Amino acid sequence: MDSYAYAPPPPPLPPRAAPRRWWRHPGVVVGALVVLPPVGIALAWVSPWGRKRRILATVLAAVWFVLPFLGGGSPQEKPAVRDDARAPKAGGPVSPSASPSPSGPPALVGKGLKEAKGAASAAGFDVVSHDASDQDAGQWDADDWKVCFQTAAGQRNGGRPSLDLGVVRVEAPCPAADGEAIPWPRMPAVTGMTFARAGEALKPIGFRKVEPESAYSDVTPPGVPDPWKVCFQDPRPGEEVENPQYGTVYLKLAPPDAPCPERPYDRLRPEPTQAPAPAPKRTPVPGPTPDRETEGGS
């Protein structure tokens with residue numbers, strides 16, 4: 001009879017742990033404590049957390065839930081950002097998004113070029129300028145130029161929109177159209193007027209000085225020759241006067257009771273003509289005396 005060795009039975013397998021419910025997962029509990037504190041507190045007490053951890057979670061969730069009501073907001077409301085916090089700090093780099101968005105180009109015609117550049121930049125525009133006359137001069141000093149025309153110049157390199165300003169010098173009048181000649185004033189005719197009336201007629205031109213002179217070489221005008229009349233003028237009538245603010249008008253005057261001379265610097269009182277002096281009488285020169293003895297001997 002064969003003998004068999006005894007084999008003990010295998011030990012029983014340990015019982016399988018019950019699967020954890022999704023609502024007991026720590027991530028779900030923490031999320032509920034933040035988003036919906038009352039629900040999170042309930043889930044914390046049914047979770048496998050320890051007692052101390054449950055109490056701490058309950059206290060923190062309760063404070064988080066009550067605090068917004070004390071401050072007048074909701075748990076999800078983000079703190080307001082102050083306007084000065086959004087503005088770039090002085091001296092710091094300014095990003096393109098921080099520049100003001102232009103609502104419309106400002107009116108710059110009539111302003112000085114320097115003032116126009118500042119106003120355009122404040123409104124969110126860049127500025128380029130050109131000579132609005134036919135001279136094509138460069139604008140080295142913005143204080144010496146004024147704006148006559150403005151047009152939109154689009155955007156350059158994806159930056160801010162630009163304005164193209166047609167400018168002339170401050171003392172010059174604006175041309176009728178961009179690129180045309182400057183319409184300088186023309187000299188009016190003031191001959192025949194008194195010096196006082198001629199000065200009034202020349203005021204709108206803007207001459208630097210009106211200089212009185214005598215039309216006669218032998219007459220000196222008084223210190224205030226207002227009643228004297230104009231006989232000759234320089235510049236001539238109708239002549240274009242460029243930059244009159246630097247020019248001088250010369251008016252040759254005659255006394256009120258005297259006519260104008262035919263030519264400038266004639267004499268009012270001609271010198272008296274003198275009669276020619278009589279020719280001196282010629283005294284005859286005596287000839288040689290004849291020799292009497294010679295005559296008798298001959």
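Note that this is a predicted model, so its numbers are computed, not measured. (Residues numbered from 1 in each chain as written. Predicted model: local features only at pLDDT ≥ 70, side-chain atom pairs only at ≥ 80, totals over all residues. Heavy atoms only, no water.)

## So, the overall build of the chain
Short version of the rule: Secondary structure elements are taken from DSSP: a helix is a run of H or I of four residues or more, a strand is a run of E of two residues or more, and numbering for both begins at the N terminus. Between buried and exposed lies partly exposed: a residue is buried under 20% and exposed over 50% of the maximum accessible area for its type, with that area taken using a 1.4 Å probe on protein chains only. Should any heavy atoms of two residues lie within 4.5 Å, those residues are counted as being in contact. The Shrake-Rupley method, run with a 1.4 Å probe, gives the accessible areas here. Residue values count only the displayed protein chains as cover.
Along its length, the chain carries seven helices and six strands. Reading the chain from its N end, one meets helices and strands in the order α-α-α-α-α-β-β-β-α-β-β-β-α. Split into buried and exposed, the 298 residues of the chain put 23% on the buried side. Contacts spanning at least 24 positions in sequence make up 62% of the contacts within the chain whose residues lie at least 6 apart. Total accessible area on the chain is roughly 21,800 Å²; 58% of this is exposed by carbon and sulfur atoms.

## Remarks on unusual backbone geometry
Residue P235 is reached from D234 by a cis peptide bond, and omega for that bond is 10°. Tracing the sequence through the fold places P235 in the loop between β5 (229–234) and β6 (248–254). Notably, D136 is not glycine yet its phi reads approximately 55°, a positive angle. Residue D136 is classed as exposed on the basis of its relative accessible area of 68%. If you check the backbone angles, N243 has positive phi at about 50° while not being a glycine. Note that N243 resides in the loop between β5 and β6. On the basis of relative accessibility, which here comes to 24%, the residue N243 falls in the partly exposed class.

## Describing helix α6 (residues 195–202)
To keep it simple, the criterion reads: Working definition: the arc comes from the directions between the helix axis and the C-beta atoms, pointing outward to the latter.
Burial in α6 covers these residues: F195, A198 and L202. Looking down the long axis of α6, one finds its buried residues gathered within 60° of arc, a one-sided arrangement. Of the surrounding elements, those touching the buried residues of α6 are β4 (209–214), β5 and β6.

## Notes on the nonpolar core
For soluble globular proteins, nonpolar side chains are generally found buried alongside one another. Note the threshold: Throughout this description, the term nonpolar core refers to a set of buried Ala, Val, Leu, Ile, Met, Phe, Trp, Tyr and Cys residues connected via side-chain atoms within 4.5 Å.
Ranked by internal contacts, the top residues of the largest apolar core, which has 19 residues, are V190, L202, F207 and L251. The leading source of residues in this core is β6, at four residues. Of all hydrophobic cores here, the second largest spans 11 residues; its members include A120, V147, L163 and V167.

## Brief notes about the pattern of salt bridges
In a structure, side chains of opposite charge can pair up when their charged atoms sit close to one another. Rules: Any Lys or Arg side-chain nitrogen found within 4 Å of a carboxyl oxygen on Asp or Glu counts as a salt bridge.
This model, assessed by the stated rule, comprises seven salt bridges. The salt bridge partner of E213 is K252, with a shortest N-O separation of 3.3 Å. One end of the pair, E213, is in strand β4; the other, K252, is in strand β6, with 39 residues separating them in the sequence. With a shortest N-O distance of 3.7 Å, D266 and R263 are connected by a salt bridge.

## Regarding the state of the cysteines
Heads up, the rule is: In plain terms, two cysteine sulfur atoms within 2.5 Å form what is called a disulfide here.
Following the criterion strictly, the structure yields two disulfides and no others. The disulfide that involves C148 links it to C174, with 1.9 Å between the sulfurs. Taking the sign of the torsion about the S-S bond as the criterion, the disulfide between C148 and C174, at about -80°, is left-handed. With C148 in strand β2 (residues 145–155) and C174 in the loop between β3 (161–169) and α6, this pair connects stretches of sequence that are 26 residues apart.

## Notes on the confidence of the model for the chain
Where we set the bar: pLDDT expresses, on a scale from 0 to 100, how confident the predictor is about each individual residue.
Looking at the chain, pLDDT values average 79 and 69% of them are 70 or higher. Taken as a whole, residues 77–98 scores under 50 in pLDDT and shows one contact with residues more than four places along the chain or in a different chain.

## Re the side chain of S162
Following the sequence through the fold, S162 ends up in strand β3. Apart from the residues within four sequence positions on either side, S162 is in contact with D126, T151, A152, A153, G154 and R156.

## Overview of the sheet that holds β6
Let me state the cut-off plainly: Two strands qualify as a pair provided DSSP detects at least 2 bridges between them. To obtain an axis, a line is fitted to C-alpha atoms, over the contacting stretch when the element is a helix, and the angle between two such axes runs from 0 to 180 degrees between their N-to-C directions.
Spatially, three strands are ordered β4-β6-β5 in an open sheet, and the strand pairing comes out mixed. At either margin of the open sheet sits one strand with a lone partner, and together these are β4 and β5. Along the sheet, successive strands turn relative to each other by an average axial angle of 30°, direction set aside. As paired elements, β4 and β6 share six bridges and run parallel to each other. Opposite P212, over in β6, you have L251 as the bridge partner. Its contacts with the sheet put α6 on β4, β5 and β6, and the angle it makes with β6 is roughly 160°.

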